[in-house]
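One-letter residues, chain by chain:
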Amino acid sequence: MIRTGDDYRAAIGTGREIYIDGERVTDVTTHPMFAPIVDIRARIYDLAHEASSRDVMSYVDDNGERNSIANKLPLSPQDWIDKRAAIDLVLDDARGVVTRVGDETIGEMWALYDGQDVLNEVDPRFAQNIRDHVHRAVTADPFHISANTDPKGDRSKRPQDQDPDMLLHVVKETDEGIIVRGAKYETAAPYATQAFTKPTIANWGDSELSDYAVGFVLDLNAPNLKFICRTGFAGRRSSADYPLSNRVDEVEALVIFDNVLIPWDDVLFYRHTRAATYVRGTLHRYSALPYVHRSIRFADLMIGAALWNVRQTGLDGNPAVQEKLATLACYREGIDAHLTAAIATAETSPGGLAMPNQSLLYAGRVWAQTQLPQMMHIARELCGGQICITPDSATFALSGASPWLEKYYSITEQWQADDRRKLLAFARDLLNSDYAGHRLTFQLFAQAPPFAHYQAVYRNFDFDGPLGLVKAAAELSDRVETGVPA
């Protein structure tokens, strides 16, 4: 079953306790800082019902029911190709980059689906719970996100040696479920329907059992939740001057758990640090692919903005300019190559899913993340200084200023002042605005801190090949492998 956009709005417009910009939000579906991104999420649901896009966004299961491609368990490389096509359609429609479309965070549940043997050792009902929730995600079509990052606190101390609520933990067990306290940061939480909540990368447990080693599916309409949001970018300035800020800003929130009941059916693991360790080690084996995929789209936006800018000033034939454009293209193609190869060489996971080649996938994530600041700098150089000095659209309309701006911003018959202003405003919002800075930092830390991305590559790269090659080429003895002294 696929929801409609109106179904989605009804599911989140339930009077949640949401705060932003010094006020409590009365309706998250209409508030100016949330409405644009809520509309995009609703549009994603509606795309799955429209004849022109239905077959890209959805599929028909064995029972004849139409379900979302994003939530479908990946059983073959073709499933990943189909998922990428659906993401591209969504991003084309949104005319920008949207990260929380639902496909990335559901992948974290698939990693837990692979770990059912670990969950069975803790409690067989937890493995059953993950199977039930994966099935429910397919058939009920929730807007599913994750809740990962804690407020951190003093990370040189154990959580129990400081304010115990700094990291999310269980405070009580009841017949109905567990009671949890603490907080999590998460993108889109105020306007999503459910979240996979799990331990962050921290010293949440140094023994076999820990109340901080807990994971569950959270109903975001649950009582005693509070959402304290960062200031949104939408509505702060004209959409003519900040088109991306006003269209695709995804708002993060500090989600407060003030003694929230989690029913036992929604608990995926609890107390056993081995289960929590497994989850942290495999969390992104699927979700990294759509996360990195969207980096391709951001690269396309940078290339397009830069190329249009050099063309309108007649510099696109300059070899030095072409070198910079080619550098941006290499960045983009490097990401695409990693993802394409990761799908083409997919392996069968412990749970029987098509798991993208982990070494290639994580290497692609490092490439996309580490090179982004430099690529934004190159794109900024190509766009030139006018992205930081061009007046706003209202000034272009003033009678006293308009003739002069028409004179100095028109270049040729093809490039008149209005189009140039639009292009420069778009490039400014993409590369030079509050939104641009937020986007860069988000990409650096959204899935994990940079060092953890390298750790994932280290854990998944096959070092045996290079070791064997050098052992043979250098004619080393077998003793170097066994550690036997010479």
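Numbers given for residues are sequential positions, taken from 1 along each chain in its written order. For a predicted model such as this one, the threshold for reporting local features is a pLDDT of at least 70, and the threshold for listing and counting side-chain atom pairs is 80 or more; totals across whole chains, interfaces and linings nevertheless cover every residue. By convention in this description, side-chain values take in all heavy atoms of the structure and omit both hydrogens and water.

S.K.: Can you lay out the sheet that holds strand S10 (residues 225-229) for me, pointing to particular residues and giving the numbers?
M.R.: At least two DSSP bridges between two strands are required for those strands to pair. Helix numbers and strand numbers start at the N terminus; a helix is a DSSP run of H or I with at least 4 residues, a strand a run of E with at least 2. If you trace the 6 strands from one edge of the open sheet to the other, you get S2-S1-S10-S11-S7-S6, paired in mixed fashion. Two strands close off the open sheet at either side, each with one partner strand: strand S2 (23-24) and strand S6 (169-173). Looking at chain direction, strand S1 (residues 17-20) and S2 are connected through 2 bridges and run antiparallel. The residue bridging isoleucine 20 from the neighbouring strand is glutamate 23, located in S2.

S.K.: Report on the packing of helix H11 (residues 358-383) against helix H14 (residues 417-431), specifying residues and quantitative values.
M.R.: Note on method: axes are straight lines fitted to C-alpha atoms, helices fitted across the in-contact stretch only, with angles between N-to-C directions ranging 0 to 180 degrees. Running from amino to carboxyl end, H11 crosses H14 at an angle of 155 degrees, the nearest separation of the two axes being 10 Å. Between H11 and H14, the crossing angle belongs to the class labelled roughly antiparallel. Classified by chirality, the crossing of H14 by H11 is left-handed. Side by side, H11 and H14 meet where Met376, Ala379, Arg380 and Cys383 of the first sit next to Ala427, Leu430 and Leu431 of the second. Gly falls in the polar group here, along with every residue not listed as nonpolar (Ala, Val, Leu, Ile, Met, Phe, Trp, Tyr, Cys, Pro) or charged (Asp, Glu, Lys, Arg). Split into classes, the residues belonging to the contact of H11 with H14 amount to 6 nonpolar, no polar and 1 charged. Just so you know how the angles are binned, under 35 degrees is roughly parallel, over 145 roughly antiparallel, 65 to 115 roughly perpendicular, and the rest oblique. Handedness of a crossing is defined here by the sense of rotation of the near helix relative to the far one, left-handed for an anticlockwise turn of less than a right angle and right-handed for a clockwise turn. Contact definition: two residues touch when any of their heavy atoms are within 4.5 Å.

S.K.: Any chance you could break down the side chain of glutamine 312 for me, citing the residues and the numbers?
M.R.: Within the secondary structure, glutamine 312 is located in helix H9 (residues 288-312). N or O atoms closer than or at 3.5 Å make up a polar contact, with two conditions inside protein: a donor-capable atom paired with an acceptor-capable one, and, for residues adjacent in sequence, both atoms drawn from side chains. Engagement of the side chain of glutamine 312 in a polar contact is seen with the backbone oxygen of asparagine 309, the distance being 3.0 Å. In this structure the side chain of glutamine 312 is engaged in a polar contact, spanning 2.6 Å, whose partner is the side chain of arginine 420. When sequence neighbours within four positions are dropped, the list of residues in contact with glutamine 312 reads Ile411, Trp415, Arg420 and Leu423.

S.K.: Describe the side chain of asparagine 246, listing the residues and the values that go with them.
M.R.: Mapped onto the fold, asparagine 246 is located in the loop between S10 and strand S11 (252-263). A polar atom in the side chain of asparagine 246 sits 3.1 Å from the backbone oxygen of arginine 237. For asparagine 246, the residues in contact, after removing those within four places along its chain, are Pro36, Phe233, Ala234, Gly235, Arg237, Ser238 and Ser239.

S.K.: I'd like a description of the pairing of S11, backed by residues and values.
M.R.: Pairing geometry for strand S7 (residues 177-187) and S11, over 11 bridges, is antiparallel. Bridge assignment links valine 180 to a residue of S11, and that residue is valine 260. With 5 bridges joining them, S10 and S11 adopt antiparallel strand pairing. Residue isoleucine 228 lies in a different strand from S11, and its bridge partner there is leucine 254.

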